[in-house]
Amino acid sequence: MHVVAVDVADDKLDLAKSLGADVTINATITDPVKEVTDHLGGVHGALVTAVNTQAFAQATGMLRRHGTMSLVGLPPGSFPLPIFDVVLKRLTIRGSIVGTRLDLTESLSLAADGHVATHFEWDRLENINAIFDRMKAGQITGRTVLEI
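Anyway, here's the lowdown on the structure attached to this text. Predicted, not measured: the structure shown is a model, and the values here were computed from it.

How each quantity is defined
- Residues numbered from 1 in each chain as written.
- Predicted model: local features only at pLDDT ≥ 70, side-chain atom pairs only at ≥ 80, totals over all residues.
- Heavy atoms only, no water.
- Helix = DSSP H or I, 4+ residues; strand = E, 2+ residues; numbered from the N terminus.
- Buried < 20%, exposed > 50% of the residue type's maximum accessible area, 1.4 Å probe, protein only.
- Phe/Tyr/Trp six-rings, centres within 6.5 Å; stacked < 30°, edge-to-face > 60°.

## Points about unusual backbone geometry
At step 1: The backbone of His-66 sits at a positive phi, close to 70 degrees, despite the residue not being glycine.
At step 2: Its identity as a non-glycine residue notwithstanding, Arg-90 has a phi of 55 degrees, on the positive side.
At step 3: Of note, Arg-90 is situated in the loop between α4 (83-88) and β5 (92-95).
At step 4: Judged by its relative accessible area of 51%, Arg-90 is exposed.

This is the structure in structure tokens:
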């Protein structure tokens, strides 16, 4: 597959590019829906991990006919779903908060085969307030693992 990464932070887009994204789009500079539909004709699948309802609407707009959108981010509130587009383009919208045992097996196989690169940092529990400050400021790449 060809991967398009959309974010509002250049450092996150640089990370996506280093991990193999074919196209990166900064949504603060470029309209990702217009960019993707004009130049690629839309995407076959969109995985929305953002906790921002605007990202959900953008992902819906980027889907091509018979496209699938998977929602795993959980922003507060709701987002409007363009029923006309969903029906005419025969889109599939699905959400998941947990995976199945098969999903876990497949994920572990990908990792065992060396297809997964984890990005994390270690920190101590007593630094939790500083960690949350960095997280709110968007300064954490990947995850932070706490030593207890």
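And the narrative resumes.
## A short note on the packing of aromatic side chains
At step 1: Under the counting rule described, the total for this entry stands at two aromatic pairs.
At step 2: The interplanar angle of 55 degrees and the centroid separation of 5.2 Å between the aromatic rings of Phe-56 and Phe-79 together place this pair among those described as tilted. Of the two residues, Phe-56 is situated in helix α3 (residues 53-62) and Phe-79 in the loop between β4 (63-71) and α4; the sequence distance between them amounts to 23 residues.
At step 3: For Phe-56, a relative accessible area of 4% gives the class buried.

Everything listed here is a matter of coordinates, which is why it stays silent on function.
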